[in-house]
Each structure stands twice: as C-alpha cells, then as structure tokens.
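# Chains, contacts and geometry: an overview
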Number of protein chains: 2
Amino acid sequence: MGKFHAILEAIRPLDRSKQAAIQHKLDFLTKPQGSLGRLEELALQYALIKGTLEPTLKNKLAVVMAADHGVAAEGVSAFPQEVTQQMVLNFLHGGAGINVLARHNEVEVAVVDIGVAADLKEHPNLLSRKVAKGTKNMAQGPAMTREQAIQAIEVGLGIVEGKKATGLDILATGEMGIANTSPSSAITAIITGRPVEFVTGRGTGIDDQALVHKTTVIEKAIVINHPSHEDALDTLAKVGGLEIAGLAGVMLAGAAHHIPVVVDGFISGAAALVACKLKPEVKDYLMAAHCSVEIGHKIILEHLGLKPLFNLNLRLGEGTGAVMGIGLVEAGVKILTQMASFETAAVSQAAS
Amino acid sequence: MGKFHAILEAIRPLDRSKQAAIQHKLDFLTKPQGSLGRLEELALQYALIKGTLEPTLKNKLAVVMAADHGVAAEGVSAFPQEVTQQMVLNFLHGGAGINVLARHNEVEVAVVDIGVAADLKEHPNLLSRKVAKGTKNMAQGPAMTREQAIQAIEVGLGIVEGKKATGLDILATGEMGIANTSPSSAITAIITGRPVEFVTGRGTGIDDQALVHKTTVIEKAIVINHPSHEDALDTLAKVGGLEIAGLAGVMLAGAAHHIPVVVDGFISGAAALVACKLKPEVKDYLMAAHCSVEIGHKIILEHLGLKPLFNLNLRLGEGTGAVMGIGLVEAGVKILTQMASFETAAVSQAAS
C-alpha cells in the first residue's frame, strides 16, 4: 500500500470525548457564556484535535505550493504564465503578501515548487518537489495522469511529515499558479454539482468578455474529460492542478496527524473539496479563514459546512487569508489557556 | 474655553491630499490591484490619518473605561452590579478576555475607573479618574448632569493626551459596566431615530421576559428625560453613562491628534454616535472592528457608515474586538510598507 492509501486509512473521526470538559472550562472563564463567539469555537475545535484542555500553539507553518497550468494557453488569466516563477522568487526574497502577513502572524512559510513550468535555481528556502513542468491543457485532454495526481498529493504528505518531526502545531495552505482559478472552478462545479458559470469568477482580474471565454473553456474541459464526480482522484487528475493536489495532501496529512489546517481561499477550497471527497472525516480538522471575492468560494464553504472568520474581501491567494486565520485560532487558544475563571478571579456569576 | 470645546475646534476633516500617492503605491505592490481588499482600505485610511506613505505602527493602546449605572437597580442585567468592580480587579491582574487578546496583539491596556460605584484600592495599573460613583437611575431622572458628561469626556481627552506624550500610534476603545447596554440602547434609539425595541438586546444574557422589561425601562427613561436628539451632550447626560462619555472623549482626542481609533462593540458604538454627532468629522478617524451579536450595533454601524472586519459573533465588550481589529490594521500597514513592488521584484503586470 502506497503512502497515499496509507494516509487515507490513518484518518480517524475527530475524538470528541473531551468536548464536555473543554466546553465546561470555556463556560467558566470570566465572561458571559459564549460571549467570545467564534474565538471560543476555534478554541474548542483546536483543543479537540489536540485532545487536551491545555493545548499549546507554537510551530505554525504555511505551505505555499506553486505550479503552472496548461490551460493558461487558452487565455483564461489576466497575467502571463511567467508570473508564477517570478512570484516564487518574490516569495523566496520575502516581498510578497504572504511573506508580510506570515511574518505579522509569526508563521513560517514553506515555498514548494510542485510544478512550475521553468527550471528554478536552487535556493535554501525553496523545496523543489516538481512533479511536472505544469499540467497539460485540460481543454484538450486530461491535465494530469492519475499517477501524477497521487504523486503530487504525496508531496503534500511528505512536507507535513517532514516538518512534523521538528514540531508542527498548525498548518495554513497557500498557492501560486497563473490560471489556477480555472481548474478550481472545474473541480468545484463537478464536486458540488453546480453549473460552471456559478462557480467561475474573475481570478486576478479579467473583464466581462474574458470571463465568458474562461467559462466556456472550463465547460469544454469538463465535456472533453468527463471526470467522475464520485471519484475525486479522477476529477483532480483530469481537471485539477499540481498545487491543488499537493494542498489536498497537506490537508489529508493534517487530519491524519491531528494538525489543524486553516484553509485559504478559492484554490485551497478546491483542494479541500478533493480531500473531503476522498475522506469526509478530514472536514473536522479544517478551519476556514475568509470568504474570497471569487464567487465559487462561497459555494465551497457552504458545501463543506465551513464558516469564514473575516469580511476582508480578499482575493490574492498565496495563503494570505489563512495566515491571518491562524492569528485568530491562536487568540482562541489563548482565551482557553490564559483567561481567569470566575472562581480564581472571585467574580460573581449571572443569576440563573 | 474649556478643554471639551477646544478639542471640538481642533478636529479637522481628514486631509486627503496624499490619497492618490498612497493608492498608487498600493496598486503597484506585487498583487492584483485591490486583491487584499479591506486590508488595503485600512492601510489607506491609516496612512491618510498619519499623512505619510511610510507610516509606522508601534505604540498601541486600549483604553478600557469602567463605570456603574443607576439603572442597574431596575434589574436590566443578568449580572449583579458588584461584577463591575470585580472585573476591574480581573483586568488589573491580567486574567480577563481583554488582557489575553491585548497581549496577543501586543496592545497596552489602560484600565480607567471613571465611575465605579465602589472605592477601589490604588493599583499601579489603575487610572483613578472617578467622576461619580456610578450614574443615577435614568428611569427616574437624568443619569448625569451636563457638567458631569463634559467632565467624563475630558477624562478621555486627558488619557489620550497623556499617553500621546510618550508615543501613541493607534487606540482601541473598551469598557466594563454592568447594565451599560441599557444606556447604549437609549443613546442609539435617540440618535438614529429607531424604536427602542429595535436597538435593545440581551446584553450579557437575559431571557425573553427580562428583555421586555429592559425595553420598557429604556422607553421610560427616554419619556421621563426627553433628551434632545439634536444635542448629543443632552442625550449623553440624560440617558448615557460615564464610560460612554469617556470613550466619546477618547474618540474626539484621537480625531484631533490624528490617532486612529478602532471602535469595539455596542457600547463603544454608542460612544461613537455621540462623538460623531458632536463633530461629524470624527468618523474619518474611526475604524470598526466587528459587528456585535447585540442587535443595536448593526444599526450604529450602518448609521455611521462603518464596515465591520470580523464575523466572530462577539458580545463581550471590554475592547476585545477592537484589539483584534488593531491586529488587522497593523497587517494592512505592513502590506503598504513591507511588500515589494512589481518593479523592485521584477514581476510582470497584468495585460491592460
């Protein structure tokens, strides 16, 4: 049995045996019950995943997967394909949005070349795990083989398992890949059963005419490849992307190893659809950061039953929303572990 | 002319002369234009208030005003009045929600006794600025005199001006005061013109019957005192609270001294209504953190044209939402000042 199948076997439903004890602790902190709302929910979920009333949160990692897409040749993006590799260099030099926001939240960034369509120079901060120099054009045939999709998922597993050895408490997902909203829309349409036009947006900023063209290209890719909506691996291979597969692997590994995963925007959301289709129990280990401007993201969040934390109108990707989300999870964990109780602080409780 | 009138005179409309330059800088950072959404809006507002393309954000202060309310005698709160002073001690010992979340966001907390109905022991971290031992019961007559309201506003001014001397870049507002959602609902009803029942919620957690009673008490307070909706000082004095007045003072001082103020929940929102009614230009210096579960808060935000940043279902007060909001403002400022541009990072731009 390969790594991919082994990790699916290793994922267990969330152990809720400590839920009552964690909730009791939250309820007797010096505040009206439930008055810290979603921060308390995040604390509960985090503590359940860790299986303790006194969880710690120190080692924070954003995994940013970069890959190219054959479908870029169809003119579906506002930016040229070379931007993928240019932005990888920007990540390595610390000048991108994800770098700034990761530093703000004290999150380490792992930059992964899982499928950039260029030979990138070695760099001490670059994890070179190239499965292929980009996918093939899904509008003309399958983007990947099934074996490539599994290989890319296993890249995600390997990165999480490697970091786990030196301590890893929480993960954020991020990506870079010109044209990658197109495969994300295709995956979303297939797994949620919604029409392509309802899950296709402007990506980095295309105009009305280009949006119609993009929608047509995605519909064509689905017709040509007829992916099975019951077989997430088939969908992923035929109309997905290498970074999407890698991020699905990160989520599977997070669930298997009890490491919560904060999911970024639309592309990460498409990876979450795949991971949860492969193993529905993964969902209990995921947290949604924000709801992207990209219209398909709301449909993904509803489909998975995840509630966004921010109203920030983000649509950058890279993991920018997810690292901000880690900041909120951390706040929730500190509420659980650092606040005084009514008893220790000698504060009177509400009349019952 | 007293301090109160002098500060109103000192407030100027936001200087927008650098807006085009700041927006240009944001637009040429290595991301699709506008793709960091509200974080970019926060960065723009902060930079405009500071009047520079390279703003810094280091000295962060949450002003937490504590006071009691005569109207507590009407049984409008789920908690007994003694909780106000108990929670002040909890703030001083660092065990409350505001302490935990302020530490998380590296925000200093100033705990102010502006009107607690008890003699509090001296404490190195307590600012003793008591105007009165709580307000009078507004259901039987005016909560304060006009002079007391001005005095409480000037407490807020004094705290900001005192801290400004040693460096102060941004403010958050917070409060503690058993029964203080009742005066906040009264102020909101009067200034926004909405019926009391539309702006009155469960506070720390009263049941249906108590909510009906609370609404009746607030309506009675308005009928008895007939505050003028055109004269915010009259409204504040007759149906307000000392901490609400103090926070209005913090907002006026922030606007006058170009220090952005992140406004917390419903009670802070009522203070914002007063401050903006006194001087509409204050609004440009305010940022909303979250939208509270307390129903009147949404009406306040709409009335002021402020958009919340979080979906966190908070209803604790204390400044908990506001210090989390400071974390987002800081993220926005770092985007503006730390990200690489297309030019410096040699990244290709979108086809125009």
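A short tour of the structure in this document, coming up. (Residues numbered from 1 in each chain as written. Chains lettered and ligands numbered in written order. Predicted model: local features only at pLDDT ≥ 70, side-chain atom pairs only at ≥ 80, totals over all residues. Heavy atoms only, no water.)

### Section: the relation of the copies chain A and chain B
- Expressed as a screw operation, the relation of chain A to chain B combines 0.0 Å of axial shift with a rotation of 180°, fitting to an RMSD of 0.0 Å. Those values place the two copies in the arrangement expected of a two-fold rotation axis. Scanning chain A for the C-alpha nearest the rotation axis identifies Phe310 of chain A, at a separation of 2.3 Å.
- In this assembly, 100% of the residues forming the interface of chain A have copies in chain B that are likewise at the interface, indicating an isologous arrangement. (Least-squares fit on C-alpha atoms with pLDDT ≥ 70 in both. Contact = heavy atoms within 4.5 Å.)

### What about helix H8 (residues 208-225) of chain B?
- For H8 of chain B, with 18 residues, the first-to-last C-alpha span of 26 Å sits near the 26 Å given by 1.5 Å per residue.
- Summarising the contacts, the buried residues of H8 of chain B are in contact with helix H7 (181-192) and helix H9 (232-239) of chain B. (Helix = DSSP H or I, 4+ residues; strand = E, 2+ residues; numbered from the N terminus. Expected span 1.5 Å × (residues − 1).)

### Brief notes about the nonpolar core
- Counting 286 residues, the largest nonpolar core has Leu236, Met251 and Leu252 of chain A together with Leu236, Met251 and Leu252 of chain B as the members making the most contacts within it.
- Not counting the four nearest positions on each side in its chain, Leu236 of chain A is found in contact with Met144, Ala149, Ile153, Ile187, Gly241, Ile244, Ala245 and Val274 of chain A. (Core = buried A, V, L, I, M, F, W, Y, C linked by side-chain atoms within 4.5 Å. Buried < 20%, exposed > 50% of the residue type's maximum accessible area, 1.4 Å probe, protein only.)

### Considering the pairing of strand S4 (residues 170-176) of chain A
Residues and elements named next belong to chain A.
- In terms of residue burial, S4 counts as a mostly covered element, since seven of its seven residues are buried.
- Judged by which residues are buried, S4 turns out to be covered on both faces: Ile170, Ala172, Gly174 and Met176 on one side and Leu171, Thr173 and Glu175 on the other are all buried.
- Of the pairings in the sheet, the one linking strand S1 (residues 60-67) to S4 comprises seven bridges and is parallel in character. Each residue of the ladder has a partner; that of Val63, found in S4, is Thr173.
- Relative to strand S5 (residues 261-263), S4 runs parallel, the two being bridged by two bridges. Pairing of Ala172 across the sheet is with Val262, part of S5. (Pairing = 2+ DSSP bridges.)

### A look at unusual backbone geometry
Residues and elements named next belong to chain B.
- Within the chain, Ala179 stands out as a residue other than glycine whose phi angle is a positive 85°.
- Structurally, Ala179 is set in the loop between strand S4 (170-176) and H7.
- In this structure Ala179 comes out as buried when scored by relative accessible area, which is 7%.
- At His258, a residue that is not glycine, the phi angle is positive and equals roughly 60°.
- Its place among the elements puts His258 in the loop between helix H10 (242-256) and strand S5 (261-263).

### Some points on the side chain of Asn99 of chain A
- Considering the arrangement of structural elements, one finds Asn99 of chain A in helix H5 (residues 97-104).
- The residues contacting Asn99 of chain A, other than those within four sequence positions of it, are Asn90, Phe91 and Gly94 of chain A.

### Focus on the interface of chain A and chain B
- Every contact between the two is made by 55 residues of chain A and, on the other side, 55 residues of chain B.
- Together chain A and chain B conceal approximately 4,400 Å² of surface at their shared face, both sides included; 62% is due to carbon and sulfur atoms.
- Where chain A packs against chain B, one counts 27 residue pairs in polar contact (both at pLDDT 80 or more).
- Counting only elements with at least two residues in the side of chain A that touches chain B, the list comes to helix H3 (37-50), helix H4 (82-93), H5, helix H13 (320-338) and helix H14 (342-345) of chain A.
- Top element by residues in the side of chain A that touches chain B is H13 of chain A. It accounts for nine residues.
- Per-class residue counts for the side of chain A that touches chain B are 29 nonpolar, 18 polar and eight charged. (Buried area = accessible area lost by both parts, 1.4 Å probe. Polar contact = N/O pair within 3.5 Å; in protein donor to acceptor, adjacent residues only side chain to side chain. Nonpolar A, V, L, I, M, F, W, Y, C, P; charged D, E, K, R; others polar.)

### Here we look at the sheet that holds strand S1 (residues 60-67) of chain B
Residues and elements named next belong to chain B.
- Spatially, six strands are ordered S3-S2-S1-S4-S5-S6 in an open sheet, and the strand pairing comes out parallel. Because the sheet does not close on itself, it has two edges, and the strands there are strand S3 (126-128) and strand S6 (286-288). Going from strand to strand, the sheet's axes swing by 30° on average, the running direction of each strand aside.
- Judged from the three bridges that link them, S5 and S6 form a sheet pairing that is parallel. Looking at the pairing, Val262 lines up with Met287 of S6.
- Sheet strands in contact with helix H13 (residues 320-338) are S1, S4, S5 and S6, and its direction is about 165° off that of S4. (Axes fitted to C-alpha atoms, helices over the stretch in contact; angles between N-to-C directions.)

### Examining the packing of H10 of chain B against helix H11 (residues 266-278) of chain B
All names here are of chain B.
- Where H10 meets H11, the closest approach of the two axes is 8 Å, and the angle between their N-to-C directions is 55°. Taken as axis vectors, H10 and H11 run oblique relative to one another. Our pair here, H10 against H11, has a crossing hand that is right-handed. Side by side, H10 and H11 meet where Ile244, Leu247, Ala248, Met251 and Leu252 of the first sit next to Ile267, Ser268, Ala270, Ala271, Ala272, Val274, Ala275 and Leu278 of the second.
- Tallied by class, the residues present in the contact of H10 with H11 amount to twelve nonpolar, one polar and no charged. (Parallel < 35°, antiparallel > 145°, perpendicular 65-115°, else oblique. Left-handed = near helix turned anticlockwise from the far one by under 90°.)

### Here we look at the pattern of salt bridges
- Applying the stated rule across the entire model yields 26 salt bridges over all chains.
- A salt bridge links Lys133 of chain A to Asp119 of chain A, with the shortest nitrogen-to-oxygen separation between them at 3.1 Å. With Lys133 of chain A in the loop between strand S3 (126-128) and helix H6 (146-164) and Asp119 of chain A in the loop between strand S2 (108-115) and S3, the pair connects residues that are 14 residues apart, well separated along the chain.
- Exposure remark for Lys133 of chain A: the relative accessible area of 48% places this residue in the partly exposed category.
- The residue Lys31 of chain B makes a salt bridge to Glu40 of chain B at a minimum N-O spacing of 3.2 Å.
- Under the relative-accessibility criterion, Lys31 of chain B is labelled buried at 2%.
- On the basis of relative accessibility, which here comes to 6%, the residue Glu40 of chain B falls in the buried class.
- Put simply, Arg38, Glu41 and Lys307 of chain A are held in one network by salt bridges that share partners. (Salt bridge = Lys/Arg side-chain N within 4 Å of Asp/Glu carboxyl O.)

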